[in-house]
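# Inside the fold
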Amino acid sequence: NAGVTQTPKFQVLKTGQSMTLQCAQDMNHNSMYWYRQDPGMGLRLIYYSASEGTTDKGEVPNGYNVSRLNKREFSLRLESAAPSQTSVYFCASSVGGRTDTQYFGPGTRLTVL
Amino acid sequence: QKEVEQNSGPLSVPEGAIASLNCTYSDRGSQSFFWYRQYSGKSPELIMFIYSNGDKEDGRFTAQLNKASQYVSLLIRDSQPSDSATYLCAVNPSGYALNFGKGTSLLVTP
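Residues numbered from 1 in each chain as written. Chains lettered and ligands numbered in written order. Predicted model: local features only at pLDDT ≥ 70, side-chain atom pairs only at ≥ 80, totals over all residues. Heavy atoms only, no water.

Facing 22 residues of chain B, the contacting portion of chain A comprises 24 residues. Carbon and sulfur atoms supply 57% of the area that chain B and chain A bury against each other, a total of about 1,800 Å² over both sides. Applying the counting criterion to the chain B and chain A interface returns zero salt bridges. Summed over the shared surface of chain B and chain A, the number is three residue pairs in polar contact (both at pLDDT 80 or more). For the side of chain B that touches chain A, the secondary-structure elements that each account for two or more residues are strand E4 (32-38), strand E5 (45-50) and strand E9 (85-92) of chain B. No other element matches the four residues that E4(B) contributes to the side of chain B that touches chain A. In the side of chain B that touches chain A, the residues fall into 11 nonpolar, nine polar and two charged. (Contact = heavy atoms within 4.5 Å. Buried area = accessible area lost by both parts, 1.4 Å probe. Salt bridge = Lys/Arg side-chain N within 4 Å of Asp/Glu carboxyl O. Polar contact = N/O pair within 3.5 Å; in protein donor to acceptor, adjacent residues only side chain to side chain. Helix = DSSP H or I, 4+ residues; strand = E, 2+ residues; numbered from the N terminus. Nonpolar A, V, L, I, M, F, W, Y, C, P; charged D, E, K, R; others polar.)

Written out as structure tokens, the structure reads:
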């Protein structure tokens, strides 16, 4: 039982390049989330998927797109990376519901030059 | 903007003491409350959650919730150097998304 996995762990991009961050969970969770974490800013929600087939914007969605590929997988795409997107990206998942405990993946450290 | 406020710290306590971490939130409709611990360079890990007024204990950790005052706290008894980390308070107003505070850095000195 790996929990939440993310690939890659580290990535360096040049401004304007695109990439997709992958996330998968093996806990049969319904809901999945993408956050970014910047120094002094805390965790901010980018997008989430309450259930397979649905996605919704969070606090900071601009410059990102997501795909809920199936119940297990939720990807985050940067179409044209900008230096402001340099951050640590965390994927999380939860059963969904009142307590909504979210479990986090190990993170991806992204640098955009 | 639904806000979750935490003192950034660092909060320094000696080994064996009680560490008290506090959090306030702005959305009165919030239903559930979480404390996560995050070591430097690692991902957040859940310590405990609480959704009823009062205290909830789990080992050395106690979460306290006061919805009337919009206040949630985490007490760590018998603090150990291994407890040194950033503690994130998270609030679920309703539905699916969590609002996180910016975290309090805790340093437990031997």
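Another aspect to go through is the sheet that holds strand E3 (residues 19-25) of chain B. Residue and element names in this part refer to chain B. As summarised here, the arrangement of the five strands in space is E1-E3-E8-E7-E6, forming an open sheet in which the pairing is antiparallel. Because the sheet does not close on itself, it has two edges, and the strands there are strand E1 (4-5) and strand E6 (54-58). By the bridge criterion, two bridges tie E1 to E3 in an arrangement that is antiparallel. Its bridge partner being in E3, Glu-5 is matched across the sheet by Thr-24. (Pairing = 2+ DSSP bridges.)

Attention shifts here to the side chain of Ser94(A). With respect to the helices and strands, the residue Ser94(A) is situated in strand E9 (residues 87-94). Judged by relative accessible area, which is 0%, Ser94(A) ranks as buried. (Buried < 20%, exposed > 50% of the residue type's maximum accessible area, 1.4 Å probe, protein only.)

What follows deals with unusual backbone geometry. Only a minority of non-glycine residues have a phi that is not negative, and only a minority of peptide bonds are not trans. Here the amide bond leading from Thr7(A) into Pro8(A) is cis, since omega sits at -5°, within 30 degrees of zero. The omega torsion across Gly9(B) and Pro10(B) is 10°, close enough to zero to call that bond cis. Residue Gln70(B) is not a glycine yet carries a positive backbone phi of 55°. With respect to the helices and strands, the residue Gln70(B) is situated in the loop between strand E7 (61-66) and strand E8 (71-76). On the accessibility criterion, Gln70(B) (12% relative accessible area) is buried. In this structure, Asp78(B) is a non-glycine residue whose phi angle is positive, near 50°.

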